[in-house]
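Descriptive analysis of the structure
One letter stands for each residue in the lines below.
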Amino acid sequence: MDNTLDTQAMRRALHKSPNYFRQGFGHGEEAESTMRSQYHSNLIQTIRDHNYVYSEGDVTIYLAKSFGFCWGVERAVAMAYETRTQFPKERIWITNEIIHNPSVNAKLKEMEVQFIPVDSSGTKDFSGVAQGDVVILPAFGASVQETQLLDSLGSKIVDTTCPWVSKVWNRVEKHKKADFTSIVHGKYNHEETIATSSYAKRYLVVLNIQEAEYVANYILNGGSRQEFLGKFSKATSPDFDPDLDLERIGVANQTTMLKGETEAIGKLFEKTMMQKYGVENLNQHFLAFNTICDATQERQDAMFEIVEEELDLMIVIGGYNSSNTTHLQEIAIERNLSSYHIDDVHRILSAEVIEHKPLGKAITQSSNWLPSGKIKVGVTSGASTPDRVVEDVINRIFALKN
Ligand code: SF4
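Rules of the game
Residues numbered from 1 in each chain as written. Predicted model: local features only at pLDDT ≥ 70, side-chain atom pairs only at ≥ 80, totals over all residues. Heavy atoms only, no water. 1 Å grid on protein atoms, 1.4 Å probe; cavity = no way out; pocket = protein on both sides within 12 Å on 5 of 7 lines; lining within 4 Å. Points joined across faces, edges and corners; volume = space filled by probe spheres on them. Helix = DSSP H or I, 4+ residues; strand = E, 2+ residues; numbered from the N terminus. Nonpolar A, V, L, I, M, F, W, Y, C, P; charged D, E, K, R; others polar. Near = heavy atom within 4 Å. Sits in = over half its atoms within 2 Å of the grid points. Buried < 20%, exposed > 50% of the residue type's maximum accessible area, 1.4 Å probe, protein only. Contact = heavy atoms within 4.5 Å. Arc of directions from axis to C-beta. Pairing = 2+ DSSP bridges. Domains from an automatic or database assignment. Buried area = accessible area lost by both parts, 1.4 Å probe. Salt bridge = Lys/Arg side-chain N within 4 Å of Asp/Glu carboxyl O. Polar contact = N/O pair within 3.5 Å; in protein donor to acceptor, adjacent residues only side chain to side chain. Axes fitted to C-alpha atoms, helices over the stretch in contact; angles between N-to-C directions. Parallel < 35°, antiparallel > 145°, perpendicular 65-115°, else oblique. Left-handed = near helix turned anticlockwise from the far one by under 90°.

One pass over the structure, following the stated rule, counts one cavity of 30 Å³ or more. One number sums up the size of the largest cavity: a volume of about 340 Å³. Lining the largest cavity are 26 residues; nearest its centre among them are Cys70, Val73, Thr256, Asn324 and Ala383. Within the residue set of the lining of the largest cavity, elements represented by two or more residues are helix 4 (71–86), helix 7 (163–177), helix 13 (294–306) and helix 14 (323–334). By residue number, the principal contributor to the lining of the largest cavity is helix 13, which donates four residues. Grouping the amino acids of the lining of the largest cavity by side-chain chemistry returns 13 nonpolar, eleven polar and two charged.

Now for the site of the ligand. What surrounds the ligand is the set Cys70, Gly72, Cys162, Trp164, Thr255, Cys293, Ala295 and Thr296. Placement of the ligand is best described as lying within the largest cavity. Looking at the shell around the ligand residue by residue, the class counts come to five nonpolar, three polar and no charged.

The subject of this paragraph is the side chain of Arg347. Structurally, Arg347 can be placed in the loop between strand 13 (339–342) and strand 14 (353–356). Relative accessible area serves as the criterion here: at 18%, Arg347 is assigned to the buried category. Residue contacts for Arg347: discarding those within four places in its chain leaves Tyr320, Ile342, Val353, Ile354, Glu355 and Ile363.

Here we come to helix 6 (residues 144–152). Since the α-helix advances by 3.6 residues per turn, residues separated by three or four positions end up pointing in the same direction. What helix 6 keeps buried is the set Val144, Glu146, Thr147 and Leu150. All buried residues of helix 6 project into a common sector of 165 degrees when viewed along the axis, lining one side. Tucked inside the fold, the buried residues of helix 6 contact helix 1 (7–16), strand 6 (134–137), strand 7 (156–159) and helix 8 (191–198). Remark: Gly154 follows helix 6 within two positions and exhibits a positive phi of approximately 75 degrees.

Within the open sheet, the five strands sit side by side as 1-7-6-4-5. Their pairing is parallel. Each edge of the sheet is formed by a strand with only one pairing partner; in this case those strands are strand 1 (20–21) and strand 5 (113–115). Both strand 1 and strand 7 contribute to a ladder of two bridges, which runs parallel. The residue of strand 7 that forms the bridge with Phe21 is Val158.

On to the domain arrangement of the protein, then. Interfaces are often sized by the amount of accessible area the parts lose when they come together. We note that the domain assignment places domain 1 (7–32 + 71–162), domain 2 (41–70 + 295–401) and domain 3 (164–292) within the protein. Taking only C-alpha atoms into account, the centre of domain 1 sits 29 Å from that of domain 3. Each side of the interface is counted separately: domain 1 has 17 residues, and domain 3 has 15 residues. Both faces combined, the contact of domain 1 with domain 3 buries some 1300 Å², and carbon together with sulfur accounts for 50% of it. Together, Arg11, Phe140 and Cys162 form the three largest contributors to the area buried by domain 1 at its contact with domain 3, with a combined 39%. Inspection of the domain 1/domain 3 interface yields two salt bridges. Between the two partners, domain 1 and domain 3, sit eleven residue pairs in polar contact (both at pLDDT 80 or more). Listing elements by their share of the side of domain 1 that touches domain 3, those giving two or more residues are helix 1 and helix 6. Sorting elements by how many residues they give to the side of domain 1 that touches domain 3 places helix 1 first, with four residues. Here the residues of the side of domain 1 that touches domain 3 sort into seven nonpolar, eight polar and two charged.

This paragraph deals with the packing of helix 3 (residues 42–49) against helix 15 (residues 387–401). The contact between helix 3 and helix 15 brings their axes to 8 Å, and the two run at 80 degrees. The pairing of helix 3 with helix 15 is recorded here as roughly perpendicular in orientation. Residue-level inspection shows Asn42, Leu43, Ile44, Ile47 and Arg48 of helix 3 in contact with helix 15, the latter providing Asp387, Val390, Glu391, Ile394 and Asn395. Broken down by class, the residue content of the contact of helix 3 with helix 15 amounts to five nonpolar, two polar and three charged.

The next thing to look at is the packing of helix 1 against helix 6. Their axes nearest at 12 Å, the elements helix 1 and helix 6 cross at an angle of 35 degrees. Relative to helix 6, the crossing made by helix 1 is left-handed. Note on element contacts: helix 6 touches helix 1 through Val144, Thr147, Gln148 and Asp151, opposite Thr7, Met10 and Leu14. Within the contact of helix 1 with helix 6, the residues separate by chemical class into three nonpolar, three polar and one charged.

What follows is about the pattern of salt bridges. Where charged atoms from two side chains of opposite charge approach closely, those side chains can pair. Per the stated rule, a full pass over the model turns up 18 salt bridges. The partner of Lys124 in a salt bridge is Glu146, and the shortest N-O contact between them spans 2.6 Å. Placement of the pair is Lys124 in the loop between strand 5 and strand 6 and Glu146 in helix 6, with a sequence separation of 22 residues. Glu146 matches Lys124 in its accessibility class, with the two residues each being buried. Residue Asp179 pairs with Lys201 through a salt bridge whose shortest N-O separation is 3.4 Å. Of this pair, Asp179 sits in the loop between helix 7 and strand 8 (181–185) while Lys201 sits in the loop between helix 8 and strand 9 (203–206), and the two are 22 residues apart along the sequence. Asp179 sits in the partly exposed class, given a relative accessible area of 34%. By sharing partners, the salt bridges in this structure join Asp179, Lys201, Arg202 and Asp245 into a single network.

Pasting the structure below:
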């Protein structure tokens with residue numbers, strides 16, 4: 001990987017290419033009406049009209065005031081649908097799930113949009129992409145290497161990368177230009193973070209505040225270089241040297257991480273660099289950031305509000321590999337609420353048994369999940385979950401209880 005590449009120049013050149021598209025194709029109304037017919041929910045609208053609290057029989061649903069599709073996802077899905085209309089005969093590929101949602105991805109398959117195959121080692125196989133094929137980049141972006149490869153193959157690129165994600169890339173490019181190391185708060189193997197890291201010259205990905213504290217301690221007090229490199233073996237740029245590459249740092253983030261944690265990590269590194277180099281020299285050693293996505297913030301804030309109710313249980317709906325959904329569940333767990341992360345209504349097997357994914361664990365089945373008598377159920381969903389899926393879940397709970 002050439003981490004000295006001028007990715008800003010690469011992006012500028014790409015934006016001028018006749019084979020590159022990052023706006024819609026003028027079929028917006030058609031795409032919108034397809035989306036409305038597939039994803040809109042009358043029940044959800046009714047619950048909204050009741051100020052997000054709605055009862056039927058023994059069940060009162062408390063719906064989070066902000067949940068489900070964010071505008072970045074809506075935009076990406078609409079662009080993917082428009083692509084089919086614009087290129088009715090061409091082969092269309094997607095480099096990855098356009099968003100982490102099974103029903104949306106199933107719909108795309110139905111429209112004969114193919115996913116780039118991934119081999120057992122997790123490497124994508126682009127050998128099937130021929131010149132003139134259309135390739136859609138998902139809402140969370142694609143790496144520099146993938147983008148370059150697709151450009152060199154002569155494919156038409158439809159780039160649905162969310163502007164919030166591009167904003168983080170701009171930030172990381174600033175770090176690179178100023179010769180700073182980017183510390184990215186995210187999951188090193190998440191597509192968005194892989195893409196973001198590819199825009200950096202040097203990077204280190206930290207998953208949480210504990211990892212950030214470990215790095216901050218290393219900056220201030222040193223430690224075992226070997227242990228450091230072992231701990232972050234998959235989360236750094238090649239040849240990363242913790243003794244040299246942590247002198248000038250900037251923070252960036254995967255847009256769907258817990259907002260409070262991202263902020264805390266930013267503050268921790270600011271304080272660390274201040275302590276090490278003095279307030280007067282801070283600007284030479286630390287670059288601040290403000291790239292937390294509004295939609296993520298709003299969904300998390302709505303979740304903090306809902307867990308204040310005396311809920312009997314919380315249902316969090318979203319793809320199992322969706323980062324923003326798991327973070328919503330974390331909030332419920334912190335409050336010791338019984339919470340179930342499901343990706344679809346079919347996970348509710350009966351009034352006794354639910355199949356769900358506990359945080360950080362494999363999918364499992366739990367019994368006695370639905371208490372008897374009158375109950376208050378909190379419901380939210382991740383940024384890539386259509387309202388229709390939320391409606392199905394609520395209706396199933398009503399049916400089982402009433
Ligand atoms: S969650 Fe935020 S960054 Fe991600 S697609 Fe939605 S608006 Fe964009």
